[in-house]
Amino acid sequence: MSSSDQKEDSQQNVPRMTLLDPSNRTLNVPEFPSRNGPQRLYAAATKQPKGRKKVILEPGHSPLDWARLKSSGQDLRGVSQLGKYTLEDLKQHKSPDDAWTAIQGKVYNMTPYLKFHPGGVKDLMRIAGRDGTKLFMLTHSWVNAEFMLDACFVGFLVQGP
Ligand code: HEM
């Protein structure tokens, strides 16, 4: 058997799938993603844990509703001017009706955002009254907190005395 025959043989063992091209012609192509190919291995290694439930946001609390509220001009900060706050100061704001956090050196009053958070109130409350940078970045580093919470910005996190 010549080496080109061998090559053809090994290609015939590859599972194939049928596709339609844009002109509706049938194409018989190697299956994609291929068995044990990098795409399938990656997907298997990064599977979402079973039973993870999506949080159902209350009516009127979609991301669009939040965008509207934060640009409505309504006061969402609850302070009259920006301040400097220490971790000790933050600890005074750890309840659902008064929840502050710090992300990357900026302090936010996230109370009005709680019910709008796509990950739910409970998860967001984990960073209430403390520096939430680490947990925030671990969960979704792609989210732009500075923009999401610009209307809730109350000041800067500083070292304690
Ligand atoms: C002020 C801090 C936070 C802000 C502004 C924020 C914002 C967001 C945004 C915009 C999303 C949607 C992301 C997307 O669809 O790609 C999201 C999703 C999520 N967040 Fe947060 N988040 C914050 C803190 C946290 C914390 C501390 C946790 C966990 C301890 C958390 C857990 C989640 C989870 C699990 C989702 C996914 C929800 C889903 O897809 O069902 N978030 N968050």
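Computed from a prediction, not measured in an experiment: that's the story for all the values here.

## Description of the domain arrangement of the protein
Parsing the protein into structural domains produces domain 1 (3-45) and domain 2 (63-157). Here domain 1 and domain 2 have C-alpha centroids that lie 48 Å from each other.

## A short note on the site of the ligand
As a matter of local geometry, the ligand sits amid 21 residues, with Pro118, Gly119, Asp123, Thr139 and Met148 nearest to it. Among the secondary structure elements, those contributing two or more residues to the shell around the ligand are strand 5 (98-103), helix 5 (121-125), helix 6 (133-140) and helix 7 (145-148). When residues in the shell around the ligand are grouped by element, the largest group, four residues, is from helix 6. Split into classes, the residues belonging to the shell around the ligand amount to twelve nonpolar, six polar and three charged.

## Quick notes on the pairing of strand 5
Of all six residues making up strand 5, five are buried, and the element is well covered by its neighbours. Summarising the sheet, strand 4 (residues 94-95) and strand 5 pair through two bridges and their orientation is antiparallel. Note that in strand 5 the partner of Ser95 across the bridge is Asp98. Between the end of strand 4 and the start of strand 5, which pair antiparallel, lie two residues.

## Details of the UniProt feature "domain: Cytochrome b5 heme-binding" (unreviewed entry) in the protein
Residues annotated in UniProt with the feature "domain: Cytochrome b5 heme-binding" (unreviewed entry) correspond here to residues 82-158. The distance from the first to the last C-alpha atom of residues 82-158 is 13 Å, and the span holds 27% helix and 29% strand.

## Topic: unusual backbone geometry
Here the amide bond leading from Phe32 into Pro33 is cis, since omega sits at -5 degrees, within 30 degrees of zero. Mapped onto the fold, Pro33 is located in the loop between strand 2 (26-30) and helix 2 (38-45). Positioned with a positive phi, Asn36 is a non-glycine residue whose angle comes to about 60 degrees. The residue Asn36 is located in the loop between strand 2 and helix 2 in this model. On the basis of neighbour counts, which here come to 8 C-beta atoms within 10 Å, the residue Asn36 falls in the exposed class.

What counts and how
- Residue numbers run consecutively from 1 along every chain, following the written order of its sequence.
- Totals for whole chains, interfaces and linings use all residues, but because this is a predicted model, local features are given only for residues with pLDDT of at least 70 and pairs of side-chain atoms are given and counted only at 80 or more.
- These domain boundaries are the output of an automatic or database domain assignment.
- To decide nearness, the C-beta atom of each residue is placed from the backbone, and the residue is near a molecule or strand if that atom lies within 6 Å of it.
- Per the convention used, a helix needs a DSSP run of H or I reaching at least four residues, while a strand needs a run of E reaching at least two, with both numbered from the N terminus.
- Amino acid classes used here: Ala, Val, Leu, Ile, Met, Phe, Trp, Tyr, Cys and Pro are nonpolar; Asp, Glu, Lys and Arg are charged; the rest, including Gly, are polar.
- The burial label depends on the number of other C-beta atoms within 10 Å of a residue's C-beta. Counts of 20 or more mean buried, 12 or fewer mean exposed, and intermediate counts mean partly exposed, with C-beta atoms placed from the backbone.
- For two strands to be treated as a pair, DSSP must find at least two bridges joining them.
- UniProt positions are given in the numbering used here, feature names are shortened, and annotations may be inferred rather than shown by experiment.

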